[in-house]
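Given next are the chains, with one letter for each unit.
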Amino acid sequence: MSACKRLLYLVKHRSLWAQVRRNVTTWSPVGAAFNAKPHRRLDVFEKNGLFGVPELSCPAGFQAAAKTALKNTQRLVEKACSCPPGAETVECFDQLSDGLCKVADLADFIKVAHPDPAFREAAEKTCVDIGTVVEKLNTNVELCKSLKNLLDNPNIVAQLDPDTRRVAELFMFDFEISGIHLDDKRVKAVGLHVKLLDLNNEFLVGSHMPNRIARSAIPEHLHLQFASEGSFIQVAGLHADSPDDLVREIAYRIYLYPNADLMDCLEELLKCRHKLAKLVGYESYGHRALKGTMAKTPAKDFKMMRDMKKKLNPHSECLLYLFPCSHLSSAHYRYNIEPSLYSPYLSLGACMEGLNNLFSQLYGVSLMSEHPSAGEVWSEDVRKLAVVHETEGLLGYIYCDFFHRSDKPHQDCHFTIRGGRWCQETSQYQLPVVVLMLSLPHPSKSAPTLLTPGMMENLFHEMGHAMHSMLGRTRYQHVTGTRCSTDFAEVPSILMEYFATDYRVISQFARHYETGQPLPESMVARLCESKKVCGAADTQLQIFYAVLDQIYHSKPQNRSTTDILKDMQQKFYGLPYTPNTAWQLRFSHLIGYGAKYYSYLMSRAVASMVWKQCFIQDPLNRDMGERYRREMLAHGGAKEPMLMVEGMLQRRPTMEDFVEALVSELNPNFETFIMDSES
C-alpha cells in the first residue's frame, strides 16, 4: 500500500477514534470498542452480502455463488490442461483452488455459525456440492497429467522458484492420496470421498448439539444455570468454569450421555476412512494423514510418546499420572485461583488492548475497529477489525464473533474465509479474511464482558491463528497462513499462550474496568505460576487425546469406540471412565484433525523451544518479533515446516529435543505450588 493510501486509510478511521476518545478516556480505541455495547445499525435500506459478497444477502445467494465458482472452475481446468507446462500451470491450479475455497470456506463457517436455519442449510448444501466437485477434480486424469508433465521435466522444474515448485508438489500429493493411480478403482475412491463428506458433516454437527433432560430431574435451584426448553433443561456444554461442583457434574453426565445415532455415524466414519486409506495404498488412515507432516508416520508420533514415558514414569504401565485433576475439577482449582478476583481486571476491552500493544511492539501492527455494513455480518454483536501495518498498510480483516449464542458451537475456533495470494490478473495482493469464534458472556448493564484467566488464554490462542493468516504474504493461496502442515499450524497459537501468561505482558493491560488500577503484582505472579501447573495438566490430557485419536485411525480394533476410550483412558491418563458417557462423541477434532491430534503436542514442543530460546528474556523484543514473522509466519505452508523451525531456532531440533521440550512442560513444581496455595 502506498504512503498516500495509508494516509487516506488512517483519515477514514479518525472520526471513529475521536468519538471513542470523547466517550472513553481510559481505553485505547480498540479497547473501548470491545468494552462498549454493540450499536444497532440504522442503515436499513443498505443491504450488503455476508463478508461483503453481494450474492450472499439471502440464502439463495449460496447457489448463485457456487454456480459462478463452478463455471470458472471449468474454464481454469481447460486452461491448465492446455497451457504449456511451467509456472503458468501452477498459477492455474492455485486460481482453481482459490475460486472454490472462497465459496466453500465461507459456507463451511456459515453452516455452523449463522443464527438463521435457512442460511445454515443453504451453506451446508454448498459445502457438499463444492466438496463433491473437489473430490472429482482430485481424480481427474487429464488435470493430473498436466501437472505430472511439469514435475517430470527436470529442465522445467529447475526454472521454478522454490515456492512454485513446492505448491506444484503439494497439488500432486493431493492427487496421489485421492487415488489418481487406481484406474478401475478410481470411481470407488471418489464414492468413498463423497460418503466421507456426508459422514464428516453429520458427526461435526452432531458433536455440537445439546442434550436435554427433564427439568424435574435436577434440583430446582440449578435450573437457571442451564437453558430451558419447555419442560426440559438443555445442556450445551461441560460448564467447566462453573464454581458449583453439582452443576459441573450434571453438565458432564448429561452432555456426554451417548447418542446411538451419532455413535453409529462415528463407527461408520472410521471404517470408511480405513477403507479409503487401504484403497489408495496406505497401511492405515493414520499413515495417509501424516504424510507430509513433521511427524511423517504414526510410528514417529508413538516414539515421542514412548520416550516421554521413559523419562517421566519408566516403571508404571500408565503413561502419565501426575496431577489429581479430572474432567469435573472446578475452575478455581484448575487455575488454583479464584477467577472472580481476576475477571474485573480482564475485561474484553483490556485484553484486546493488550493484544494490540503486543502486536504493535513485536510486528508494528495495529488492530483498528471498523463498523460493518448492514448485511455484512451474521449477528449484531460481531465486531470487525482491520489489521494495519505501520509501513505496509492494510494486511487483512478479522471478524470477531466472540459472544455466546444458543445456536452456535461452544468451541473456540479460527476460520479462514479468504486466503491471501498475489493476483497476477490485478497486480494486487488478495487480502486475507478470517473469523475468530469464541463463546464469551455478553456485557451486563453495569459491566463490560469480563474474562476468566482461561478465557483470556483462549482469546490469545485463537488470535495467534489469526495473526498467522494476517502476517503471511505467500504468492499462492493454497499455502496461505494456516494452510500448512497440521503439526506446524498450532505453533503460532500455542506460542501466544506463553505471552498470555507472562507477567511482563499481563502487566501492560490487566487493569480494573472501573478504577483503572493495574492487577496487583502478587496476583500477576500467582496467575503466571498457576498457568505452569495447568499447562502441564493440559499437556497430559492432550497426550491421552492424541493416543486415542491414533488408535481410532490405526488398523480396525473390532471393538466399540467407547471400549477403546475406556482402555486408553486407563493406560494413558490414569483416571477411571465415567459410566454411561461417550466423550468421543464430543471430540469434534476427529473431523479436521483426524489422525493428527498429536499436532498439538508437536506444536507445543516447538512453541516451547521458540519461547525459551527467543522470547523468555524479552517477550516484547521487536527484532525477535520480526525474525519470528520472517522465519515462521510469513511462509504459511510454502516452506517445509522443519526448515521454518530451523530458521527460527538457528539449529535443527532432534526428536530428543522435542521430547525434552514436552517433558519440561510436564515438570512444574506442582507439590510446592499446591502447598503454597493451601497456606
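From a predicted model like this one, the values you see are computed outputs, not experimental measurements.

Q: Mind laying out the packing of aromatic side chains, listing which residues take part and the relevant values?
A: Under the counting rule described, the total for this entry stands at 25 aromatic pairs. Considering the side-chain rings of Phe109 and Trp378, the 4.9 Å spacing of their centres and the 75° angle between planes classify their relative orientation as edge-to-face. Here the residue Phe109 occupies a position in helix α4 (residues 87–113), and Trp378 occupies one in the loop between β4 (365–370) and β5 (383–389), the gap between them amounting to 269 residues. In this structure, Phe109 and Trp378 share a single accessibility class: buried. Ring geometry for Phe109 versus Phe415: centroids 4.9 Å apart, planes at 65°, classification edge-to-face. Placement of the pair is Phe109 in helix α4 and Phe415 in strand β7 (residues 413–418), with a sequence separation of 306 residues. The class for Phe109 is buried, based on a relative accessible area of 0%. Following the ring pairs from residue to residue traces out a cluster consisting of Phe544, Tyr545, Trp583, Phe587, Tyr593, Tyr597 and Tyr600. The ring centre of Phe232 lies 3.9 Å from the NZ or CZ of Arg212, which sits over that ring. Its guanidinium or amino end placed over the ring of Tyr255, Arg586 lies 3.7 Å from that ring's centre, counting from NZ or CZ.

Q: I'd love a proper account of the pairing of β5, names of residues and values included.
A: Extensive coverage of β5 is indicated by the burial of 7 of its 7 residues. Where burial is concerned, the two faces of β5 agree: the one with Arg383, Leu385, Val387 and His389 and the one with Lys384, Ala386 and Val388 are both buried. Of the pairings in the sheet, the one linking β4 to β5 comprises 6 bridges and is antiparallel in character. Within the sheet, the bridge partner assigned to Ser369 lies in β5 and is Leu385. One ladder, built from 7 bridges, connects β5 with strand β6 (residues 393–403); its direction is antiparallel.

Cut-offs and rules
Residues numbered from 1 in each chain as written. Predicted model: local features only at pLDDT ≥ 70, side-chain atom pairs only at ≥ 80, totals over all residues. Heavy atoms only, no water. Phe/Tyr/Trp six-rings, centres within 6.5 Å; stacked < 30°, edge-to-face > 60°. Helix = DSSP H or I, 4+ residues; strand = E, 2+ residues; numbered from the N terminus. Buried < 20%, exposed > 50% of the residue type's maximum accessible area, 1.4 Å probe, protein only. Lys NZ or Arg CZ within 6 Å of the ring centre and 35° of its normal. Pairing = 2+ DSSP bridges.

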